[in-house]
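If you want the building blocks of each chain, they are given just below.
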Amino acid sequence: MPLFSSYQHRQQRIDSSAAIISDNITLIHAEYDLFRQSCPLAYTTNYSGYYLLTRYADIKSAALDSSTFISSVKAVIPSDPRGLRRPPLSFDAPAHTPYRTALDRTLKPARVKRLAAPLEQHAENLLAPLIEANGGNICTEFAADFASWVETEWLNLEPETAPKLARTASDWVDAWRRMDGEKVTYFSTALYDIARAVLEDRRRNPRDPEEDPASSLLLERGPDGQPLEEVPLVGCIRQSLVVGMVAPPLMLGGICNYLSEHQDLQQQLREDPSLIPAAVEEFVRLFSPYRGFARTVSKEVVIHGQTVKPGIPISMTYSAANRDPEVFDDPHTFILNRPNIAMHMGFGRGRHRCVGQPLARL
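We now turn to the structure provided with this report. What you see is a predicted model; the values in this text were computed from it and never measured.

Quick notes on the environment of A166
The residue A166 is located in helix 8 (residues 161–177) in this model. Separated by 139 residues in the primary sequence, A166 and G305 have C-alpha atoms spaced 45 Å apart. Once you skip the residues sitting within four places of it in the chain, A166 turns out to touch A144, D145, S148 and M245.

Structure below.
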């Protein structure tokens, strides 16, 4: 039986699909399965209209073709209600390159290794009250605060910034989800204040550029050979403050929920911690914290018989790609040491792959 009986039914069906409007992961992935088979390039009128890719091959191809599938028009759906653009996520090469180079410089293996000990101590400190209470909310009482300490250590912020960052980022995300432009601006301003203060301090007191993102950014030059401009510099630090605050609570919540329901796996990982890295990769595949990021095309492109015009966003739905049965056998099942786990797109692909993935894997 065809999924769509007419064009009108097709549009109504897509617009009301759980893949578009739901937060229920089971319903979402059931719809992705249907879309992959019957409508691999779906168009919805939600959020002013955008396309949705669900096949692994299509998403990987788009992610790796950054000259055709660009980020400078729209990189997130729904997008910032104020229309602001921050590097590196919302910039294309060559403007994107110095920002990405500066951030990558501070997450080389040696630096990440040095961050391990303090982050482990923060984790122990935050978990202690939950252990003593014999329970709690792992997302709000641990993961959100731990993410703020990861940001604080990576960006070399003052220790008192961590709790403020946790509260502000949480409020900002909530306002974003409600598309409350006034509240988004209010909480975003607080994050910008942190970013400006960091940048001003590093101008006066520069640090090792391989240890400090702000100092690293100040060393970079744009395509014209000139120092990076103030507004995008602050915007880059502001984006760095937030991106690492959104995913960890979602990811850790999914992992802990799964392990609570699968005690045998939990016990296996406790008995053999060497299995944890492989388990983390499979968890990232299964519970990708971001459904995906958006692109627009720089020229007309035909995908699955449909002509996509510049300006209309396309969601590269990484969470759907990660459960494509053409790539991953038994895709909805956790399989430890999955042979092709390195193919997952939980951290994205191409020029805009996740900057913080070395920290996520730590």
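Quick look at the sheet that holds strand 1 (residues 41–44)
What the five strands build is an open sheet, ordered 1-2-7-4-3; its pairing is mixed. Each edge of the open sheet carries a strand with a single partner, namely strand 1 and strand 3 (69–70). The pairing of strand 4 (residues 293–297) with strand 7 (residues 314–316) spans three bridges and is antiparallel. Within the sheet, the bridge partner assigned to A294 lies in strand 7 and is S315.

A few points about the packing of aromatic side chains
Considering all chains together, one arrives at twelve aromatic pairs under this definition. With centroids separated by 5.1 Å and ring planes inclined at 50°, the aromatic side chains of W172 and W176 adopt a geometry described as tilted. Within this pair, W172 and its partner W176 are both found in helix 8, separated by four residues, close to a single helical turn. What makes W172 buried here is its relative accessible area of 7%. When the centroid spacing of 5.1 Å and the interplanar angle of 80° are considered together, the rings of Y186 and F187 count as edge-to-face. Through successive ring pairs, a cluster of aromatic residues spans Y258, F283, F287 and F334. Here the guanidinium or amino end of R238 rests over the ring plane of W172, the centre of that ring lying 4.9 Å away. Positioned over the ring face of F328 is R285, at 5.3 Å from the centre of the ring.

Parameters at a glance
Counting from 1, residues in each chain are numbered in the order their sequence is written. Local features in this predicted model are restricted to residues of pLDDT 70 or higher, and side-chain atom pairs are both shown and tallied only at a pLDDT of 80 or more, whereas totals for entire chains, interfaces and linings draw on every residue. Processing note: side-chain calculations cover all non-hydrogen atoms of the structure and skip hydrogens and water entirely. Runs of E in the DSSP output that reach at least two residues are strands. Runs of H or I that reach at least four are helices, and both are numbered from the N terminus. Contact definition: two residues touch when any of their heavy atoms are within 4.5 Å. Strand pairing is assigned whenever DSSP identifies at least 2 bridges connecting the two strands. Each Phe, Tyr or Trp ring (for Trp, its six-membered ring) is paired with any other whose centre lies within 6.5 Å, and the angle between the two planes then decides the class: stacked below 30 degrees, edge-to-face above 60, tilted in between. In this scheme, a residue with accessible area under 20% of its type's maximum is buried, one over 50% is exposed, and one in between is partly exposed, where area comes from a 1.4 Å probe on protein chains only. Two limits define a charge over a ring: the Lys NZ or Arg CZ must be within 6 Å of the ring centre, and within 35 degrees of the ring normal.

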